[in-house]
Amino acid sequence: MASGDSETKPMFKRLALIGIGLIGSSISHAARRAGLVGEIVCSALTPEERERAEVLGLVTKAYADPVEAVRGADLVILCTPVGAFKTVAEAIGPHLEKGAIVSDVGSVKGAAMRDIAPSMPDGVHFIAGHPIAGTEQSGPDAGFAELFDGRWCILTPGPDADPAALAKLETFWRKLGSNVELMTPEHHDMVLAITSHVPHLIAYNIVNTAAHLERVTDSEVIKFSAAGFRDFTRIAASDPVMWRDVFLNNKEAVLEMLGRFSEDLVALQRAIRFGDGPTLEKTFANARAIRRGIIQAGQDTAQPDFGRNAARTGKGSA
Ligand code: NAP
């Protein structure tokens, strides 16, 4: 885990963050905490966000044009929604410094490889990445230095990835506080479909189902929201654009996992209909054991929380 370490020689002279929302701003905080970079700049779409990034001291300069941001940068990280990757990569490609490392934090890795890699010129090292850490908050004010502490960052290097660039990016993420694991983009997208993408879809769906109930008013849904429902509403508060892009870009894996989920749901439905208590109890006991495994692996605490503390611990969303 990284700690305040101002003695460390910066690993990179100029870091360009393309997009400065929750993840971009958290990288800025964590990179500063560990003294990893000389200068941090960014690009952001709206003037409000650019001003905020500068006022908060996340960057020395926030540009409207990503091309301006990548000039002279030896590390560039795309922190926009996945759907913007292709346009951004095509714009910055011809302006990247020779020897620069380019990465991203997108939640879908097949799409990142498909949309970014073709625009990378010779001599620029592209290695896709995904920090498995997040909250349901967005924007530059949402970031904090501890977001990545003790969390996983998955890198999905292509077969021709430069070993030295990969090792450097791995070290960068470790110094941001993360554990690092390498896998193929396809495997990443399958694993995240079940651990993150389908759960978000279920949360969006259940909150809307409750809202559409004719015999339960909106105010009753809010007033009597029990812990289970409240947790779903927290997840369902995640950024709509980011999640739209996740589902549009991880279609196959999400549909495969949704198919399996639906089959298992029907089995539970049958058990309820036919009063099959042992099946219900066995299924719930298996799920409880998985929760214990997550706590033992240090990926959450056993404290009852009901969603109240998750936003500051990076356990919310990914
Ligand atoms: P965010 O807080 O909404 O920030 C997104 C940033 O991208 C903003 O600076 C936004 O600028 C900019 N942006 C949006 N559309 C753009 C476009 N078309 N072109 C250029 N810039 C654009 O989002 P985030 O939560 O940091 O997520 C960023 C990335 O991290 C996504 O790819 C997501 O899949 C991934 N990720 C998210 C989480 C999570 O839990 N949130 C976790 C892990 C990875 P404006 O606000 O000015 O439009």
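This structure is a prediction, so every number in the text was calculated from the model and none was measured.

What follows deals with the pattern of salt bridges. In total, this model carries 12 salt bridges according to the counting rule given. Linking Asp149 and Arg33 is a salt bridge whose minimum nitrogen-to-oxygen distance equals 2.8 Å. Here the residue Asp149 occupies a position in the loop between strand 7 (128-131) and strand 8 (152-156), and Arg33 occupies one in helix 1 (residues 22-33), the gap between them amounting to 116 residues. Taken as a pair, Asp149 and Arg33 share a single burial class, namely buried.

Each assigned domain of the protein chain is listed here: domain 1 (12-183) and domain 2 (187-296). Taken together, the contact pairs 17 residues of domain 1 with 15 residues of domain 2. Carbon and sulfur atoms make up 63% of the area that domain 1 and domain 2 hide from each other, which totals about 1,200 Å². On the domain 1 side of the contact with domain 2, Ser107, Val108 and Glu136 bury the most area, a combined 42% of that side's loss. For the pair domain 1 and domain 2, the number of links is 1 salt bridge. Note that Glu136 is salt-bridged to Arg234, the shortest N-O span being 3.5 Å. Connecting domain 1 to domain 2 are 6 residue pairs in polar contact (both at pLDDT 80 or more). Breaking the side of domain 1 that touches domain 2 down by element, the ones donating at least two residues are helix 5 (109-116) and strand 8.

What links the strands of a sheet is backbone hydrogen bonding, and the strands pair in either a parallel or an antiparallel sense. Ordered by their spatial adjacency, 3 strands build an open sheet running 7-8-9, and the pairing between neighbours is mixed. Each edge of the sheet is formed by a strand with only one pairing partner; in this case those strands are strand 7 and strand 9 (179-182). Neighbour-to-neighbour, the strand axes of this sheet turn through a mean angle of 25°, independent of strand direction. Bridging between strand 7 and strand 8 involves 4 bridges; their strand directions are antiparallel.

We now examine the site of the ligand. Around the ligand sit 26 residues, and of these Ile23, Thr46, Glu49, Thr80 and Ser107 come closest. In this structure, an oxygen atom belonging to the ligand sits 2.9 Å away from a main-chain N or O atom of Leu22. When isolated, the ligand has an accessible area of 900 Å², and the protein chains bury 85% of it. Every element with two or more residues in the shell around the ligand is listed here: helix 1 and strand 7. Across the shell around the ligand, the residue classes break down as 13 nonpolar, 12 polar and 1 charged.

All right, on to the packing of aromatic side chains then. Evaluation of the coordinates by the stated rule reveals 4 aromatic pairs. Between the aromatic rings of Phe12 and Phe172, the centroid separation amounts to 5.7 Å while the plane-to-plane angle is 85°, which identifies the pairing as edge-to-face. Of the two residues, Phe12 is situated in strand 1 (residues 12-18) and Phe172 in helix 6 (residues 163-176); the sequence distance between them amounts to 160 residues. A relative accessible area of 0% places Phe172 in the buried class. Among the aromatic residues, those joined into a cluster by ring pairs are Phe12, Phe148, Phe172 and Trp173. The ring of Tyr63 carries Lys61 above its face, with NZ or CZ at 5.8 Å from the centroid.

So, about the sheet that holds strand 5 (residues 101-104). Pairing is parallel across the open sheet formed by 6 strands, whose spatial order is 3-2-1-4-5-6. Both outer strands of the open sheet, strand 3 (61-63) and strand 6 (125-126), are each paired with one neighbouring strand and no more. Taken together, the 4 bridges between strand 1 and strand 4 (residues 75-78) define a ladder with parallel strand orientation. Bridge pairing in strand 4 links Leu15 to Leu75. Along the sheet, helix 2 (residues 47-55) contacts strand 2 (37-43) and strand 3; its crossing angle with strand 3, the most-contacted strand, is approximately 165°. Relative to strand 4, helix 4 (residues 85-92) is tilted by about 155°, and along the sheet it contacts strand 1, strand 4 and strand 5.

Cut-off values and rules
- Residues numbered from 1 in each chain as written.
- Predicted model: local features only at pLDDT ≥ 70, side-chain atom pairs only at ≥ 80, totals over all residues.
- Heavy atoms only, no water.
- Salt bridge = Lys/Arg side-chain N within 4 Å of Asp/Glu carboxyl O.
- Helix = DSSP H or I, 4+ residues; strand = E, 2+ residues; numbered from the N terminus.
- Buried < 20%, exposed > 50% of the residue type's maximum accessible area, 1.4 Å probe, protein only.
- Domains from an automatic or database assignment.
- Contact = heavy atoms within 4.5 Å.
- Buried area = accessible area lost by both parts, 1.4 Å probe.
- Polar contact = N/O pair within 3.5 Å; in protein donor to acceptor, adjacent residues only side chain to side chain.
- Pairing = 2+ DSSP bridges.
- Axes fitted to C-alpha atoms, helices over the stretch in contact; angles between N-to-C directions.
- Near = heavy atom within 4 Å.
- Areas by Shrake-Rupley, 256 points an atom, 1.4 Å probe, with all protein chains shown as cover.
- Nonpolar A, V, L, I, M, F, W, Y, C, P; charged D, E, K, R; others polar.
- Phe/Tyr/Trp six-rings, centres within 6.5 Å; stacked < 30°, edge-to-face > 60°.
- Lys NZ or Arg CZ within 6 Å of the ring centre and 35° of its normal.

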